[in-house]
Amino acid sequence: MLMFILLPQAAWAMHIMEGFLPPGWCISWGVLTIPFVLAGVFSIQKTINEHPRAKMLLAMVGAFAFVLSALKIPSVTGSCSHPTGVGLGAILFGPTAMTVLGLIVLLFQAVLLAHGGITTLGANTFSMAVVGPLVSFATYKIVQQAKGPQWLAIFLAAALGDLLTYVMTSIQLALAFPAETGGFMVSLAKFMGIFAVTQIPLAISEGILTVLVFNAIAAYGKDELQDLKVLSKEA
Amino acid sequence: MSMTGVIKNLLLIAIVIALIVIPLFTQKDAEFGGADGEAKQAITEIDADYNPWFSPLIEPKSGEIESLLFSLQAAIGSGILFYGLGHMMGRKKKEEAAKQ
């Protein structure tokens, strides 16, 4: 009990909390994330050089992630979590561009809001800004290939990217904290019960909100979307 | 936007609101704390000896200040998002006027 009084009250955050991942894991996830950040910087540079007018749109998808990750929403499990908002940017600018923008969002929350953490930044960036956008991007491409309607591709991309972010968080925690009996799988089931189940309704919400914002952008920003080859010229 | 488009969007927003509000009624006794607080508890259950080895450098002094910073984050984000959207709308109107 004394421990809880002495320890600073950690803020509610849905990412891995500061200090709650052993140093070895912090470094490993950090190192694993670096190449994606670098690829993202190059990818953003290339996009902006080729299509300078896409800058505004880039700021908008970053802002979308900023808004959504600030909204802590109640869920069916009786606890709260927040969406990530990285799916939209991954569809428009590619997955690694969102690694950079997601990193900025996480850094802001870690430094100013004691949310997530500086030591866990690598691990949190990996789940929210590497795995999430990659899943979104792949989902979008697969549904498009299958000639599914665009709204469905966007909805599934955003929702699955959101959900898999938290599955990844559960995997990261289960790897660092395997149960004494049963090991990794038992821990994984436990963390999935906390993070992933909470996230299901939020993922659906994120999917719907992403479709709404995409439709608005498609209605007024056709030129940019054609630049980025998200909409074809004749459409 | 066409009338059916408006209705469709309103319906979608209603679904999002329902998804947020329904848990408040089905989980009457829940605290609605953060999922990470529960993760912290789970970590302690798995490894009772684990001590966080690093603490946040700056922490919001209270829940009020924390919510201030969160609303600021959301406000900045939606500000940029809708500035951009407004810019695009204006540009489109201008283009359409130029065509006529």
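Computed from a predicted model, the values in this text were never measured in an experiment.

The rules behind each value
Numbering of residues starts from 1 in each chain and follows the order in which that chain's sequence is written. Starting at A for chains and at 1 for ligands, labels are handed out in the order in which the entities are written. Thresholds applied to this predicted model are a pLDDT of at least 70 for local features of residues and 80 or more for the giving and counting of side-chain atom pairs; totals over whole chains, interfaces and linings are not thresholded and use all residues. The side-chain numbers reported here are obtained from all heavy atoms of the structure, hydrogens and water having been left aside. Axes here refer to lines fitted to C-alpha atoms; in helices the fit is confined to the stretch in contact. Angles between the N-to-C directions go from 0 to 180 degrees. Starting at the N terminus, helices and strands are each numbered in turn, a helix being any DSSP run of H or I of at least four residues and a strand any DSSP run of E of at least two. Relative orientations are named as follows: roughly parallel for angles under 35 degrees, roughly antiparallel for angles over 145 degrees, roughly perpendicular for angles from 65 to 115 degrees, and oblique for any other angle. Each crossing is labelled by how the near helix is turned from the far one, with a counterclockwise turn of less than a right angle marking it left-handed and a clockwise turn marking it right-handed. Whether two residues are in contact is decided by their heavy atoms, any of which lying within 4.5 Å being enough. An expected span of 1.5 Å times one less than the residue number is assigned to each helix. Accessible area, probed at 1.4 Å, shrinks when two parts are joined; the buried area is that loss added up over both. Under this definition, polar contacts are N or O atom pairs within 3.5 Å; protein pairs additionally need one hydrogen-donor-capable and one acceptor-capable atom, and for neighbouring residues in sequence, both atoms have to be side-chain atoms. Confidence of the prediction at every residue is given by pLDDT, a number between 0 and 100. Just so you know the grouping, Ala, Val, Leu, Ile, Met, Phe, Trp, Tyr, Cys and Pro go in nonpolar, Asp, Glu, Lys and Arg go in charged, and all remaining residues, Gly too, go in polar. How far each domain reaches was decided by an automatic or database domain assignment. Relative accessibility under 20% of the residue-type maximum defines a buried residue, over 50% an exposed one, and the middle range a partly exposed one, all with a 1.4 Å probe and only protein chains included. We define a salt bridge as a side-chain nitrogen of Lys or Arg found within 4 Å of a carboxyl oxygen belonging to Asp or Glu. Without a salt bridge and with relative accessible area above 30%, a residue can belong to a patch; like charges are then joined within 9 Å and nonpolar side chains (Val, Leu, Ile, Met, Phe, Trp, Tyr) within 5 Å. Here the Shrake-Rupley method, with its probe set to 1.4 Å, supplies the accessible areas, and only the displayed protein chains count as covering residues. Here, nonpolar core means buried Ala, Val, Leu, Ile, Met, Phe, Trp, Tyr and Cys residues that are tied together by side-chain atoms lying within 4.5 Å of each other.

1. Things to note about the packing of helix α2 (residues 23-50) of chain A against helix α6 (residues 121-145) of chain A
Residues and elements named next belong to chain A.
For step 1, the next point in the chain: Packing of α2 against α6 leaves a shortest axis separation of 8 Å and a crossing angle of 40 degrees. Comparing their axes, α6 and α2 come out oblique. Between α2 and α6 the crossing geometry is left-handed. For the pair formed by α2 and α6, the contact residues are W29, G30, L32, T33 and F36 on the first element and G122, A123, T125, F126, V130 and L134 on the second.

2. Some details on helix α2 (residues 35-46) of chain B
For step 1, the next point in the chain: Over its 12 residues, α2(B) extends 17 Å from the first C-alpha to the last, a length consistent with the 16 Å expected when each residue adds 1.5 Å.
For step 2, the next point in the chain: Those residues of α2(B) that are buried lie in contact with β2 (80-81), α7 (150-176) and α8 (183-220) of chain A.

3. Topic: the interface of chain A and chain B
It is common to report an interface's size as the accessible area lost on association of the parts.
For step 1, the next point in the chain: Each partner contributes residues to the interface: chain A has 70 residues there, and chain B has 56 residues.
For step 2, the next point in the chain: Buried surface at the junction of chain A and chain B, both sides included, amounts to about 5,700 Å², of which 74% is carbon and sulfur.
For step 3, the next point in the chain: In this structure, the connection of chain A to chain B is made through 12 residue pairs in polar contact (both at pLDDT 80 or more).
For step 4, the next point in the chain: At the level of elements, α2, α3 (55-68), β1 (73-74), α5 (95-113), α8 and α9 (222-227) of chain A are the ones that each hand at least two residues to the side of chain A that touches chain B.
For step 5, the next point in the chain: Of all the elements, α8(A) adds the most residues to the side of chain A that touches chain B, at 16 residues.

4. Re the confidence of the model for chain B
For step 1, the next point in the chain: Averaged over every residue, the pLDDT of chain B is 87; the share at 70 or more is 99%.
For step 2, the next point in the chain: Two summary scores accompany this predicted model of the complex, namely pTM at 0.90 and ipTM at 0.89.

5. Observations concerning the packing of α3(A) against helix α3 (residues 63-99) of chain B
For step 1, the next point in the chain: Across the interface, α3(A) lies against α3(B) with an axial gap of 8 Å and an inter-helix angle of 145 degrees. Read as a crossing pair, α3(A) and α3(B) show a hand that is left-handed. Contacts from M56(A), L57(A), A59(A), M60(A), A63(A), F64(A), F66(A) and V67(A) in α3(A) reach Q73(B), A74(B), I76(B), G77(B), S78(B), I80(B), L81(B), Y83(B), G84(B), L85(B), H87(B) and M88(B) in α3(B).
For step 2, the next point in the chain: In terms of residue class, the contact of α3(A) with α3(B) is made up of 15 nonpolar, 5 polar and no charged.

6. Concerning the domain arrangement of chain B
For step 1, the next point in the chain: We note that the domain assignment places domain 1 (1-52) and domain 2 (62-100) within chain B.
For step 2, the next point in the chain: Computed from C-alpha coordinates alone, the two centres of domain 1 of chain B and domain 2 of chain B are separated by 25 Å.

7. Considerations on α3(A)
For step 1, the next point in the chain: For α3(A), with 14 residues, the first-to-last C-alpha span of 20 Å sits near the 20 Å given by 1.5 Å per residue.
For step 2, the next point in the chain: Of all 14 residues in α3(A), 11 are buried, a share of seventy percent or more.
For step 3, the next point in the chain: Within the sequence span of α3(A), burial applies to L57(A), L58(A), M60(A), V61(A), G62(A), A63(A), F64(A), A65(A), F66(A), V67(A) and L68(A).
For step 4, the next point in the chain: Packing partners of the buried residues in α3(A) comprise α2, α4 (87-93), α5, α8 and α9 of chain A together with α3 of chain B.

8. Remarks on the pattern of salt bridges
All names here are of chain A.
For step 1, the next point in the chain: Evaluated as defined, the whole model comprises 6 salt bridges over all chains.
For step 2, the next point in the chain: The closest approach of N and O atoms between R53 and D223, which form a salt bridge, is 3.8 Å. Placement of R53 in the loop between α2 and α3 and of D223 in helix α9 is noted, with a sequence separation of 170 residues between them.
For step 3, the next point in the chain: Between R53 and D227 there is a salt bridge, with its nearest N and O atoms 2.6 Å apart. Here the residue R53 occupies a position in the loop between α2 and α3, and D227 occupies one in helix α9, the gap between them amounting to 174 residues.
For step 4, the next point in the chain: The buried category is assigned to D227, whose relative accessible area is 12%.
For step 5, the next point in the chain: Residues participating in the shared-partner salt-bridge network are R53, D223 and D227.

9. Section: unusual backbone geometry
Peptide bonds are trans in most cases, and residues, glycine excluded, mostly fall at negative phi.
Residue and element names in this part refer to chain A.
For step 1, the next point in the chain: Of note, the phi angle at A114 is positive, near 50 degrees, even though the residue is not glycine.
For step 2, the next point in the chain: Relative to the elements of secondary structure, A114 occurs in the loop between α5 and α6.
For step 3, the next point in the chain: Accessibility expressed as a relative area gives 6% for A114, which makes it buried.
For step 4, the next point in the chain: Of note in this structure, K229 is not a glycine but carries a positive phi near 60 degrees.
For step 5, the next point in the chain: With respect to the helices, strands and loops of the structure, K229 is situated in the segment after α9.
For step 6, the next point in the chain: For K229, a relative accessible area of 69% puts it in the exposed group.

10. A short note on a nonpolar patch on the surface
For step 1, the next point in the chain: Judged by side-chain polarity, V6(B), L10(B), I13(B), I17(B), V21(B), L24(B) and F25(B) come together as a nonpolar surface patch covering roughly 600 Å² of accessible area.
For step 2, the next point in the chain: In this structure F25(B) comes out as exposed when scored by relative accessible area, which is 56%.

11. Side note on the nonpolar core
For step 1, the next point in the chain: Within the largest apolar cluster, 46 residues are counted, with the highest numbers of intra-cluster contacts made by L57(A), L92(A), F93(A) and L225(A).
For step 2, the next point in the chain: Among the secondary structure elements, those contributing two or more residues to this core are α3, α4, α5, α6, α7 and α8 of chain A together with α3 of chain B.
For step 3, the next point in the chain: Of the residues forming this core, the biggest block, 9 residues, is contributed by α3(A).
For step 4, the next point in the chain: Leaving out residues up to four positions away in the same chain, L225(A) has contacts with L57(A), L92(A), F214(A), I217(A), A218(A), V230(A) and L231(A).
For step 5, the next point in the chain: Judged by nonpolar contacts, the second largest core, of 26 residues, contains V131(A), A35(B), A42(B) and I43(B).

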